[in-house]
Amino acid sequence: MKEEIIIAGFGGQGVLSMGKILAYSGVMQNMEVSWMPSYGPEMRGGTANVTVVLSDQRISSPMLQVFDTSILLNQQSLDKFEPKVKPGGILLYDSNGITRHPEREDINIYCVDATEEASRMKSSKIMNMIVLGAYLKIKPLVDIENVLKGLKKSLPERHHHLLPMNEKAIQRGMEIVREVSMVKG
């Protein structure tokens with residue numbers, strides 16, 4: 001088993017922390033893990049992405065050109081990374097601000113209205129946990145208990161009172177993700 005993931009969006013959307021939580025979860029399940037962030041100097045508001053590799057064998061390189069899964073949170077990321085999903089792979093995106101939806105027919109495409117749902121849940125900061133929940137519904141590579149432990153580890157202690165809301169957001173993402181198109185075969 002090896003899953004090569006890119007998570008991309010604007011700085012401030014929780015892209016890096018989503019990757020970190022996935023990485024922590026993999027470590028807790030004795031997986032080989034790579035977490036490689038990339039962001040511009042402007043960080044918040046600029047583009048940010050993180051590559052996460054989860055594997056049951058040693059990872060030869062964290063540098064990737066194509067991905068099994070792309071989790072994309074803005075139009076620029078969708079434009080850049082849709083072509084880099086391996087045929088048969090997964091593209092998960094948040095519909096907010098998307099003007100050109102994914103069009104490939106050789107990948108599995110899923111959509112989650114995470115920004116909209118976070119607004120309904122009265123906290124924009126949980127959008128990334130809604131997206132993470134959607135991904136874990138599609139591809140349950142790591143146990144939810146380990147995701148919650150990873151969340152606790154990555155969240156500063158002064159914010160631990162927000163853990164129940166984040167857990168609720170993960171569950172909500174699992175409920176509202178929808179398949180847009182599926183590769184036949």
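As a starting point, this report considers the structure included with it.

With respect to the helices and strands, the residue Asn96 is situated in the loop between strand E5 (85–94) and strand E6 (108–112). Taking the C-alpha atoms as reference points, Asn96 and Val112, 16 residues apart in sequence, are found 9.1 Å from one another.

Attention shifts here to the layout of surface pockets. Considered as a void within the structure, the largest pocket measures approximately 900 Å³ in volume. Broken down by secondary-structure element, the contributors of at least two residues to the lining of the largest pocket are helix H1 (15–28), helix H3 (114–120), helix H4 (127–138), helix H5 (144–154) and helix H6 (163–176). Here the lining of the largest pocket takes 5 residues from H1, the largest share from any one element. Of the residues that constitute the lining of the largest pocket, the class distribution is 15 nonpolar, 14 polar and 3 charged. Counted as a void, the second largest pocket has a volume near 220 Å³. Residue assignment for the lining of the second largest pocket shows that the elements contributing at least two residues are strand E2 (32–39), strand E3 (47–55) and helix H2 (75–81). Tallying contributions element by element places E2 first for the lining of the second largest pocket, with 3 residues.

Looking now at the packing of aromatic side chains. If you walk through the whole model with that rule in mind, you get 1 aromatic pair. On the basis of an interplanar angle of 80° and a centroid distance of 6.1 Å, the ring pair of Phe67 and Phe81 is categorised as edge-to-face. Of the two residues, Phe67 is situated in strand E4 (residues 67–72) and Phe81 in helix H2; the sequence distance between them amounts to 14 residues. Here Phe81 falls in the buried class, since its relative accessible area comes to 6%.

About the thresholds
Residues numbered from 1 in each chain as written. Predicted model: local features only at pLDDT ≥ 70, side-chain atom pairs only at ≥ 80, totals over all residues. Heavy atoms only, no water. Helix = DSSP H or I, 4+ residues; strand = E, 2+ residues; numbered from the N terminus. 1 Å grid on protein atoms, 1.4 Å probe; cavity = no way out; pocket = protein on both sides within 12 Å on 5 of 7 lines; lining within 4 Å. Points joined across faces, edges and corners; volume = space filled by probe spheres on them. Nonpolar A, V, L, I, M, F, W, Y, C, P; charged D, E, K, R; others polar. Phe/Tyr/Trp six-rings, centres within 6.5 Å; stacked < 30°, edge-to-face > 60°. Buried < 20%, exposed > 50% of the residue type's maximum accessible area, 1.4 Å probe, protein only.

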